[in-house]
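Given next are the chains, with one letter for each unit.
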4 protein chains.
Amino acid sequence: MEVHQIYVGGGFCKTDSVLKVLNPFDQSLVGETFIAGKPELELSIENALKVKNVLRDLPLFKRYLILMEIADGIKNKRNHFANILACEAGKPLKYALGEVDRAIQVFIIAAEESKRLPKEYLSIDWTPAGENKEGLVKYFPIGLIAGIAPFNFPLNLAVHKIAPAIASGNPIILKPARSTPLTILELAKIIDQTELPKGAVSILPMDREAGNQLVTDERFNMLSFTGSPAVGWKMKQDAGKKKVTLELGGNAGVIVSDSANIEMAAKKCVTGGYAYSGQVCIHVQRIIVHENVYVQFLDRFIELTKNLKFGPPADENTDISSMIDEENAIRVEEWVTEAVANGAKILLGGKRTGAFFEPTIITKTNREMKVCALEIFGPVVTIEKFSEFDEAIRFINDSEFGLQAGVFTNIISEMNHAHNELEVGGVIINDVPTLRVDHMPYGGIKNSGFGREGIKYAIQEMLEPRLLVKNTDY
Amino acid sequence: MEVHQIYVGGGFCKTDSVLKVLNPFDQSLVGETFIAGKPELELSIENALKVKNVLRDLPLFKRYLILMEIADGIKNKRNHFANILACEAGKPLKYALGEVDRAIQVFIIAAEESKRLPKEYLSIDWTPAGENKEGLVKYFPIGLIAGIAPFNFPLNLAVHKIAPAIASGNPIILKPARSTPLTILELAKIIDQTELPKGAVSILPMDREAGNQLVTDERFNMLSFTGSPAVGWKMKQDAGKKKVTLELGGNAGVIVSDSANIEMAAKKCVTGGYAYSGQVCIHVQRIIVHENVYVQFLDRFIELTKNLKFGPPADENTDISSMIDEENAIRVEEWVTEAVANGAKILLGGKRTGAFFEPTIITKTNREMKVCALEIFGPVVTIEKFSEFDEAIRFINDSEFGLQAGVFTNIISEMNHAHNELEVGGVIINDVPTLRVDHMPYGGIKNSGFGREGIKYAIQEMLEPRLLVKNTDY
Amino acid sequence: MEVHQIYVGGGFCKTDSVLKVLNPFDQSLVGETFIAGKPELELSIENALKVKNVLRDLPLFKRYLILMEIADGIKNKRNHFANILACEAGKPLKYALGEVDRAIQVFIIAAEESKRLPKEYLSIDWTPAGENKEGLVKYFPIGLIAGIAPFNFPLNLAVHKIAPAIASGNPIILKPARSTPLTILELAKIIDQTELPKGAVSILPMDREAGNQLVTDERFNMLSFTGSPAVGWKMKQDAGKKKVTLELGGNAGVIVSDSANIEMAAKKCVTGGYAYSGQVCIHVQRIIVHENVYVQFLDRFIELTKNLKFGPPADENTDISSMIDEENAIRVEEWVTEAVANGAKILLGGKRTGAFFEPTIITKTNREMKVCALEIFGPVVTIEKFSEFDEAIRFINDSEFGLQAGVFTNIISEMNHAHNELEVGGVIINDVPTLRVDHMPYGGIKNSGFGREGIKYAIQEMLEPRLLVKNTDY
Amino acid sequence: MEVHQIYVGGGFCKTDSVLKVLNPFDQSLVGETFIAGKPELELSIENALKVKNVLRDLPLFKRYLILMEIADGIKNKRNHFANILACEAGKPLKYALGEVDRAIQVFIIAAEESKRLPKEYLSIDWTPAGENKEGLVKYFPIGLIAGIAPFNFPLNLAVHKIAPAIASGNPIILKPARSTPLTILELAKIIDQTELPKGAVSILPMDREAGNQLVTDERFNMLSFTGSPAVGWKMKQDAGKKKVTLELGGNAGVIVSDSANIEMAAKKCVTGGYAYSGQVCIHVQRIIVHENVYVQFLDRFIELTKNLKFGPPADENTDISSMIDEENAIRVEEWVTEAVANGAKILLGGKRTGAFFEPTIITKTNREMKVCALEIFGPVVTIEKFSEFDEAIRFINDSEFGLQAGVFTNIISEMNHAHNELEVGGVIINDVPTLRVDHMPYGGIKNSGFGREGIKYAIQEMLEPRLLVKNTDY
C-alpha cells in the first residue's frame with residue numbers, strides 16, 4: 001500500500017485529511033492520499049498565477065519536449081499505471097491497459113498540437129476603410145483553468161484536460177474523483193520531473209468547499225468539467241464570468257439496419273454495452289434493430305453476452321467486474337425493477353450481488369422508464385425493433401441527451417439521414433457510439449454537454465484570439 | 001411621422017403599448033412603434049421553432065440569394081435608412097450613412113460566408129482503433145437565437161446578429177433598444193419581402209418581462225447580447241443551458257510613440273474620440289503619448305477638436321450632436337466633475353447644455369477616476385504622457401476592460417510588444433481602437449466581452465459540430 | 001452581322017487578317033473578327049507588364065468591385081451572349097444559356113475569392129533555431145499568364161482563366177479558339193468598361209506563330225491551357241521555365257450499380273452523353289451497368305435518346321445540333337466504323353449527315369477500339385455490363401485518361417471503393433461525370449491534365465508564396 | 001574504412017563499379033560504395049511500383065511509427081552520422097552535428113504531418129445544379145518519385161525528399177551526389193530495419209545514363225531535384241509529363257538598416273557568409289549596409305571573419321575547412337580575380353591553397369561581376385552601401401535569382417516594404433537569409449526554383465486531389 005501525496009502548486013504534500021482508496025471488487029486498500037482544503041487550493045492558485053506569463057511565453061519546442069517527456073514517462077511505467085488504475089477503479093486490466101495507452105497518445109497528440117496552435121493571417125482591405133491594412137490573429141492562453149474529472153476514466157479524462165492546458169500555455173488545477181485519485185497522482189510525479197514550471201499543474205482531491213471554489217472563484221478563467229449532467233449544468237449557472245465546458249453523459253443508442261454485417265454489429269455492441277460495466281458516457285444503452293434481422297442479432301447478442309467472464313479487475317482475463325460501488329449497483333437494480341414493473345422483459349441477467357450487477361438485456365421498454373430515459377451508467381442494454389429507418393432515427397432522438405450514436409448500415413441514404421438527423425455530437429457508422437479516438441472532436445449536444453474536447457478542440461477552447469491590425473504600406 | 005409595426009413571427013402587427021421615438025437633438029417625434037409583450041414573444045418563438053428545420057435544410061444558394069436581396073434592398077433605400085437612423089439615434093448624418101453602408105457590407109459578407117460554412121474532413125486512423133475510418137464534421141445550426149442590440153448602432157449591431165443567423169440557418173428574435181427601434185424595423189420590411197421562411201426573423205421592442213424571457217427561456221439555444229457590461233454579465237448567470245456571447249464596452253486606450261506620424265495620429269484620435277459623441281464601445285477614451293511628442297500631439301489634438309461642428313444630426317455638415325438623452329449627458333458631467341475634484345485638469349470643453357456635452361479633453365487623471373476606470377460613453381478623452389513604452393502598455397492594461405487598443409508607432413519591437421502584452425481583443429497599429437471592419441474578428445476580453453462577432457466568427461458561434469465517423473473499406 | 005475588334009493591350013483594334021465566324025449548323029456568317037499577329041501580341045505583352053505591379057497592389061475591394069461589375073455586365077446581356085454563343089459554337093440555346101449563367105457565377109465566385117486569397121501565419125519556434133520568430137506567408141501574383149481556351153465552352157472555359165487572373169492580381173493574354181472567338185470578345189467590351197487597368201486583359205485570336213509564342217516566350221510566367229491532350233502535353237515540354245496547367249480531355253465512364261435508381265441514372269446519362277453532341281471533356285463516353293439492371297437501364301436509355309430533338313442551335317427546343325464542323329463528324333463516323341468492323345454493335349444511331357452525327361449507342365466494344373480508348377468528343381456512348389463491382393472499377397481505370405467518373409449506387413462500400421480506386425480527378429456519386437459546379441476543384445490525372453481549376457484552385461495556381469520570418473521579441 | 005552497399009529496391013547490394021569517397025580536406029579515403037547502372041535502377045523501379053498500392057493504403061499510424069523509428073535510429077547514432085558527414089563533405093563537425101539534428105527533426109515532423117495529410121470537405125450547393133450534394137477531397141499519392149540530392153547537405157536535403165515521400169505514401173528512388181553518398185546510405189540501413197515495405201525507398205549513386213533516366217522515364221510521376229540552376233531547368237524541359245520541383249541556388253542578399261542592431265547583424269552575417277565555406281544555397285553573398293552604419297558594420301564584420309578557425313572538418317573547433325574540391329576553389333579564385341580586374345577591392349582574404357579558399361570580403365563590385373551575378377557557392381561576401389531603403393531593395397532584386405533575403409531593421413515600414421517588394425521566396429527580418437527551419441515553406445522564385453519544400457509543403461507537392469461529390473439526401 002502506497003501513500004500518495006497530493007500535488008499542490010508545484011510541490012508534493014500531505015494534509016490532515018486522509019483519503020483511503022479501496023478496490024471496488026473486494027474493498028481491499030489500494031492506497032492512501034489526502035484531501036485538499038482551502039489553504040492547499042489557495043497555494044495552488046497563487047503559484048499558478050505566478051507562472052502564468054512564463055507559460056504563455058514558453059517556446060513551442062519546450063512545450064513539445066515537456067509533453068513528449070510525460071508521454072515517455074507513462075510509457076515506461078505502463079503496467080504500473082494500469083495496475084493502480086484497475087484496482088482503484090475496479091476496471092478490468094485489459095481496459096485499464098487500453099486507458100493507459102490512450103493517455104500516452106493524448107500527450108503525444110498534445111505535443112504535436114502545441115506546435116500547431118491556431119494562427120490566422122487575414123485581409124482587411126475589403127472596404128476602403130481597410131485599405132493598406134492586414135490582420136494577424138494570435139491565440140493567447142485563456143488563463144487559469146479548473147479541471148474536474150470523473151471516476152470512470154481516472155487517467156484519460158483528466159489527461160484530456162491537463163495535456164491541452166500545457167500545450168496551450170495555461171496553468172491548471174485538477175480535481176480527480178475521490179474514489180479514483182491515485183493514478184492521476186502517479187502522473188503528477190512524472191509531470192514534476194519535467195521542466196514544466198512548478199505551479200503550472202496542481203492535482204488535488206478536494207473537500208466540497210474547495211471543490212465549489214473551483215466553480216465560483218473569479219481567478220479561474222475557465223472551468224472544464226467532466227461528470228454528471230445535473231452537477232454540470234448547475235456549475236454553468238454558478239460559474240460567473242468564466243468560460244465553461246461540460247462533458248456530460250447520455251443514453252447512447254445504436255441502430256442496426258438490415259443491410260448491416262450482423263456478426264460485426266453484435267460483437268461490437270457487446271463490447272460497447274458491457275465494457276467496464278457500462279460505466280462509460282458513451283456506453284451502448286439503447287439498441288434498435290431492423291425487424292428483418294432482429295432475431296438473428298438478438299440471438300447472437302445474447303450468446304456473446306453470456307460469454308463475458310466475471311472476475312477481479314487486475315486479472316487479465318476478466319471481462320467484467322464490480323461496479324464502482326454498491327450504491328450504484330443498487331441504483332441500477334432499482335431502475336431495472338422499475339422497468340419490469342412497467343412491462344419490460346429481461347432477456348438476460350438482471351441480478352445484483354453486492355457491487356456486481358450482471359450483464360443485462362431488456363426489451364419491451366418505453367421512453368419513460370429510467371433504463372431508457374436516463375443515463376444508466378451500468379451493464380444494462382435495451383433492445384427494440386423497427387421497420388422504417390426514420391422510426392429508428394426518431395427513437396434515438398427521443399431523449400434529452402445527445403452524445404454519440406452508432407449506426408450499422410451499408411446504405412448511403414441511411415448514412416446520410418443518420419448524419420443529418422441524429423441529434424448527437426457524433427454519429428459512428430458501422431461501429432458503436434462507444435468509439436472514441438482521442439484526437440477526434442468529442443462532446444454532446446442537448447443535455448449531454450457544452451463545448452468540445454479532443455486535444456486540438458480542447459486547446460481551441462483554452463485560447464482566446466487577439467487580433468493585430470497592421471499597416472502594409474506605412 | 002410614420003407608424004412602424006413590429007415584426008412578429010413573420011407578420012407585422014401592432015400592440016396596445018405604443019412607443020414614441022424622439023430625436024435626441026430636439027425631442028421631435030421621429031416615429032411610433034409598439035412594445036411587444038409575452039403573447040407576441042410567444043408567437044415569435046413558436047413560429048421560429050416551426051421553421052427551424054426548413055432553415056437548417058435551406059440550400060446554400062437560397063441563403064445567398066436572400067442575403068444579397070436584403071443587401072440590395074438596403075442599398076436602394078440608403079438615404080432613407082440613414083435619415084431615420086440619424087434622427088432616432090441623434091447620429092450625425094455622415095456617420096449614419098457610414099453605418100448604413102456597413103450594414104449592406106454585413107449582408108454581402110454573410111451571403112458569401114453562407115456558402116463557406118465550416119466543414120472538416122479528418123483522418124481517424126492515428127491508432128489501430130481508428131483503422132479504416134475517417135471523420136466528417138458538419139456544422140449544424142445551434143437553434144433559436146435571442147439577439148439584443150444597443151442604441152448606438154441601431155442598424156449595424158443588430159445586423160451583426162441577424163445576418164449571421166440567416167447565413168447559419170438559425171431563426172432569431174431580435175430586441176432593439178427602446179430608444180432606437182425604427183431603423184431595424186425598416187429592415188424588417190425588406191427581410192419580409194425575401195423568400196426567407198416567415199418566422200425566421202422577428203424584431204420586437206419589448207417590455208422588461210419579455211426581455212427577461214429572452215435570457216431565461218430554455219427554448220432559446222443562444223443569447224447574443226451587445227450592451228453594457230453590468231447587464232451582460234448578469235445575463236450570463238441567468239442564461240441556463242443556453243450559449244451566451246457578450247459584446248460589451250470598455251475604456252479603449254491609444255499609445256502614441258515618438259516614432260509615429262503625429263499629424264495622422266492626432267486626426268484619427270479626434271475622430272475616434274468624438275464621433276457620435278463617444279457613444280461607441282471602442283471610442284478613444286484614454287490617450288497616452290510619448291513625452292518627446294506630447295506637446296506637439298496635444299496642441300494639434302486640441303486644435304482639431306475645436307474645429308468640430310455641432311448641429312442637428314440630419315445635417316450633413318454636423319460633426320457632433322446631442323448625446324442619446326440628457327440623463328447620459330448629466331452622468332458624463334458628473335464624472336468629469338468628480339475627476340476635476342480629484343485633481344484632473346480640463347484642457348478643453350467640459351460643459352453640458354441639455355443632452356449636449358462638449359468635446360472634452362482632460363489630463364492629470366488617475367486610474368480611480370470614473371473617466372478612466374469606467375466606460376464613459378461620452379465625448380471625453382483623457383491624455384497623459386509616458387517615457388518608456390512598457391509604461392504605456394501597463395497604463396492601457398491597468399483597466400478591468402479589454403476591447404481594443406490603438407498604437408501609433410513605426411518601431412517593430414513596439415508593435416510586437418503591443419501585440420504580445422496588451423490585454424485586449426484587438427490591437428490596431430497606426431490607427432485608433434475605434435477601427436472596425438465588419439469581417440474582422442471582434443470582441444473583448446476581461447470584462448469587455450465573451451465570444452466573438454464579425455460575420456464568419458459570429459456564424460461559427462451559431463453552429464455546433466456533428467462528427468460522422470465512417471468506414472473507408474466496408 | 002457584327003464586326004468584333006480584338007482586345008489588344010487595353011484597346012480594341014482590327015488587323016489585316018480577317019476571321020469569318022460561321023454557324024456550324026448552316027454555315028451562315030455569325031460575325032467577323034481579326035487574327036492577331038506578332039505585333040498585337042507584343043503590344044499586349046508590353047502593356048500587361050506595365051500594369052503588373054498596379055494589379056499586384058490593387059486593394060481587394062477594387063478587385064471585388066471590378067469582378068462584380070463584369071458579372072453584372074454579362075447578366076444584363078444574358079440573352080445576347082447566349083445567342084452569339086449558340087450561333088458560333090452550334091450549341092443548343094438551352095445549353096448556351098446555361099453556359100452564360102455559369103460564366104456569371106464564375107465572376108461572382110472570383111469576386112468573393114479575391115477577398116479570400118490564401119495567407120498563412122505560422123509558428124517558427126519548433127526548434128531553438130526558431131525561438132522568438134514567427135512566419136507570415138503572403139501569396140503574390142505569379143506574373144503574366146497566357147491562357148488558351150477551346151471551342152466547346154468558348155465563354156466559360158475562357159472565363160475560368162480570366163476571372164481567377166483578375167482576382168489574383170495577374171495580367172492575362174487569352175487566345176480563344178478560332179472557330180469561337182466572338183462571345184469572349186463580347187466579354188472584352190464589358191471588361192473594358194470597368195476600372196481594371198488597361199492591359200490587364202487582352203483577348204486575341206492568333207495565328208500559329210503568335211500562338212506558339214504564348215508557350216515559349218519567357219516573359220509569360222504561366223501557361224493555362226484547356227484543349228486536347230496531344231497539344232497540351234507538347235506545350236508542357238516547350239514551356240521553358242514557366243508554370244503550366246493543362247485541362248485536357250478523357251473518355252469519362254459511368255458505373256451503374258444494381259442498387260441505383262435506374263430511372264435517374266438513365267436520364268442523367270442521356271444528358272451527360274449527348275449534351276452539345278458530346279463535345280464536352282467530361283461527356284459520358286463509356287457506361288458499364290450491373291447485369292441485373294442492364295436490360296432495364298438500356299431500354300430506358302435508348303428510349304430517352306430517341307426523344308432527343310435535332311435542330312438549329314438558336315432554337316430553344318433543340319436538344320442536339322450539328323457538331324462543330326464536318327471534319328469532326330467524319331472523324332467520329334470513322335471511329336464508329338472501325339468499332340463495328342472489329343465486332344461492336346450499334347444499338348442506335350451511327351449515321352452522319354454533314355456536320356451532324358446522330359446520337360449513337362454502341363455495345364460489344366473492346367478497349368482497343370478508338371470509341372473506347374480515345375476521347376471521342378462526339379455523340380457516341382458505349383454500354384457494357386459487369387457482374388462484380390471491382391470489374392467495373394477496372395473497366396473505368398483501363399484507360400490512359402482520368403478526368404471524372406460517375407457512379408450510380410446506394411451502397412456505402414461501393415462509394416468507398418469508387419473514391420479509393422477510381423483513377424480520376426473526380427468521382428461523382430449518383431450523377432454523371434459531366435457534373436461540374438464552377439467552384440469545385442476540377443482537373444484530371446493520368447493523361448487528362450496537370451493542375452486544377454475551379455476559381456479558388458485556379459487562383460492558388462496563379463499565386464506564389466513569399467514567407468516573411470519576423471521576430472516576436474526584438 | 002567501410003564498404004557501403006547501395007540500397008536497391010529494398011535490398012543492399014554491390015555493383016561492379018566501385019565509388020571511392022575521399023575527405024576533401026586531406027584526400028583520405030572515407031569509404032567505398034558503388035555506382036548503380038540501368039539494371040539496379042530497373043529493379044528499384046519495379047519493386048517500387050509493386051508496393052505502390054500498399055504504401056497508398058498504409059494506415060497513418062503505421063506511417064507515423066515508421067517515421068518516428070527512423071528519427072530514433074538517427075538519434076541513436078548521432079555522432080556516427082555526423083562523423084561520416086563531416087569527412088565525406090568536408091563539413092566542420094559542429095555544422096555536421098547540426099545537420100544530423102535537423103534530419104532527425106525532419107523525420108519527426110514528417111511523422112506528425114503524415115497524420116495531418118490535407119483533406120477537404122466542401123459545399124457543392126452554391127447553385128441549383130449542386131443542390132443536395134457535397135464534396136470530399138482526398139489527396140492520393142502522386143506515384144513514383146525520383147529524388148536528386150546535392151553534396152552540400154548530403155543528409156538533410158535528401159531527407160527532405162525521403163521523409164515526405166514516406167509520409168505521403170509514395171515510393172521514392174533517391175540519387176545522392178557522387179561525392180557524398182555515404183551518410184545517406186547509412187540512413188538506408190535504418191530505413192531497412194523498419195516495417196516500411198521493401199522497395200518503397202531506394203538509394204542509388206548513379207552513372208550518367210541512369211541519372212538521366214530519372215528525368216525521362218515516364219514511370220516516374222514526379223522529379224524532385226535539388227542542385228544547380230542550369231541542370232535543374234534543363235531537367236524541367238526533359239521531364240515529359242511528370243511533375244517537377246526544383247530547389248536551386250541564388251546569390252542571397254542582406255540589407256542592414258541604420259535602425260538595426262549592428263553587433264547582431266555582423267555576427268549573423270559572418271556565420272551566414274562563411275559556414276561550410278559558403279557552399280549553401282542561401283549563404284550570405286551580397287550585403288548592403290546603410291551608409292550611417294557602414295563603417296561600424298564593416299569593421300566588426302572584418303574582425304569577426306578574421307577570427308574564423310581553419311582546420312580539418314572532424315575537429316569540433318573548426319569553423320571553416322576546405323571546399324568540396326579544388327576545382328571549385330579554383331573557380332571561386334577566378335571569379336574573385338575577375339572582379340578585381342574590373343575594379344572591385346578585396347578587404348580581406350582572397351587567396352586559395354589547394355581546395356581551401358580564405359574567407360573573403362570584397363567591395364566596389366558591380367552587378368555584372370560573377371561574384372555578384374552568379375551563385376558563388378564559396379566563402380566570398382560582397383559589401384556595399386546605400387542611402388535610401390528603396391535603393392537597397394532594388395540592389396537585392398537586381399538579380400536573376402530569388403531564394404531568400406535577410407533584412408536587419410527595427411522599422412515597421414522597412415519590414416513591410418521588404419516583404420512586399422523583395423523578389424524572393426523568403427524574407428528574414430533580423431536574421432540572415434541562411435535561416436531555414438525545416439517545417440517552413442522553402443523555395444525560390446525567378447531562376448531559384450520551382451515549387452516548395454518544407455515537409456508539409458513537400459508532402460502537398462507529392463499528393464494529388466481526388467474529389468468525391470456525394471448526395472446528402474439520396
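Treat the numbers as computed from the prediction; the structure is a model and nothing was measured.

## Topic: the relation of the copies chain B and chain A
Then step 1. You can overlay chain B on chain A at an RMSD of 0.0 Å; the transform is a turn of 180° with a shift of 0.0 Å along its axis. The two molecules are tied by a two-fold rotation axis, judged by turn and shift. Of every C-alpha in chain B, the one belonging to Gln237 of chain B sits nearest the axis of rotation, 2.7 Å from it.
Then step 2. Mapped onto chain A, 100% of the interface residues of chain B again fall at the interface, so both copies present the same surface.

## Focus: the relation of the copies chain D and chain A
Then step 1. Note on the copies: chain D fits chain A at an RMSD of 0.0 Å, the axial shift is 0.0 Å, and the rotation between them is 180°.
Then step 2. Comparing interface residues between copies, 100% of those in chain D also lie at the interface in chain A; the contact surface is shared.

## Observations concerning the interface of chain D and chain A
Then step 1. With 20 residues of chain D in contact, the opposing surface of chain A contributes 20 residues.
Then step 2. One can count six salt bridges joining chain D with chain A.
Then step 3. Residue Glu113 of chain A pairs with Arg116 of chain D through a salt bridge whose shortest N-O separation is 2.7 Å.
Then step 4. Counting every contact that joins chain D to chain A gives 14 residue pairs in polar contact (both at pLDDT 80 or more).
Then step 5. Put simply, the parts of the chain that give the side of chain D that touches chain A at least two residues each are α3 (60-76), α5 (93-114), α15 (412-421) and β25 (463-471) of chain D.
Then step 6. Here the side of chain D that touches chain A gets six residues from one element, more than from any other, and that element is α15 of chain D.
Then step 7. Split by residue class, the side of chain D that touches chain A holds seven nonpolar, seven polar and six charged.

## Some thoughts on the packing of aromatic side chains
All names here are of chain A.
Then step 1. What the rule picks out here adds up to 32 aromatic pairs over all chains.
Then step 2. Ring centres 3.9 Å apart and planes at 45° place the aromatic pair Phe310 and Phe356 in the tilted group. Note that Phe310 is positioned in the loop between α10 (294-306) and α11 (326-341) and Phe356 in strand β17 (residues 356-357), a separation of 46 residues in sequence.
Then step 3. On the basis of relative accessible area, Phe356 is assigned to the buried category, the value being 11%.
Then step 4. Lying across the ring of Tyr64, Lys115 places its NZ or CZ 3.9 Å from the centre.

## Structural notes on the pattern of salt bridges
Then step 1. Going through the model one piece at a time under the given rule, you end up with 128 salt bridges over all chains.
Then step 2. The salt bridge partner of Glu453 of chain B is Lys161 of chain B, with a shortest N-O separation of 2.6 Å. Taken as a pair, Glu453 of chain B in the loop between β24 (449-450) and α15 (456-461) and Lys161 of chain B in helix α5 (residues 156-168) lie far apart in primary sequence, 292 residues in all. The two residues Glu453 of chain B and Lys161 of chain B agree in class, both being buried.
Then step 3. Between Asp57 of chain D and Arg56 of chain D there is a salt bridge; the shortest N-O distance is 3.0 Å.
Then step 4. Asp57 of chain D gets classed as partly exposed once you look at its relative accessible area, which sits at 49%.
Then step 5. Beyond isolated ion pairs, a larger network of salt bridges with shared partners links Glu112 and Glu113 of chain A together with Lys115 and Arg116 of chain D.

## Some remarks on the environment of Glu464 of chain C
Then step 1. Mapped onto the elements of the fold, Glu464 of chain C is located in strand β25 (residues 463-471).
Then step 2. Using a relative accessible area of 22% as the deciding quantity, one classes Glu464 of chain C as partly exposed.
Then step 3. Between the C-alpha atoms of Glu464 of chain C and Lys175 of chain C, which are 289 residues apart in sequence, the distance is 24 Å.
Then step 4. Those residues in contact with Glu464 of chain C that sit more than four places away from it in its chain are Lys138, Tyr139, Phe140 and Ile142 of chain C together with Ile445 of chain D.

Calculation notes
Residues numbered from 1 in each chain as written. Chains lettered and ligands numbered in written order. Predicted model: local features only at pLDDT ≥ 70, side-chain atom pairs only at ≥ 80, totals over all residues. Heavy atoms only, no water. Least-squares fit on C-alpha atoms with pLDDT ≥ 70 in both. Contact = heavy atoms within 4.5 Å. Salt bridge = Lys/Arg side-chain N within 4 Å of Asp/Glu carboxyl O. Polar contact = N/O pair within 3.5 Å; in protein donor to acceptor, adjacent residues only side chain to side chain. Helix = DSSP H or I, 4+ residues; strand = E, 2+ residues; numbered from the N terminus. Nonpolar A, V, L, I, M, F, W, Y, C, P; charged D, E, K, R; others polar. Phe/Tyr/Trp six-rings, centres within 6.5 Å; stacked < 30°, edge-to-face > 60°. Buried < 20%, exposed > 50% of the residue type's maximum accessible area, 1.4 Å probe, protein only. Lys NZ or Arg CZ within 6 Å of the ring centre and 35° of its normal.

Distances and angles like these do not, on their own, reveal function.
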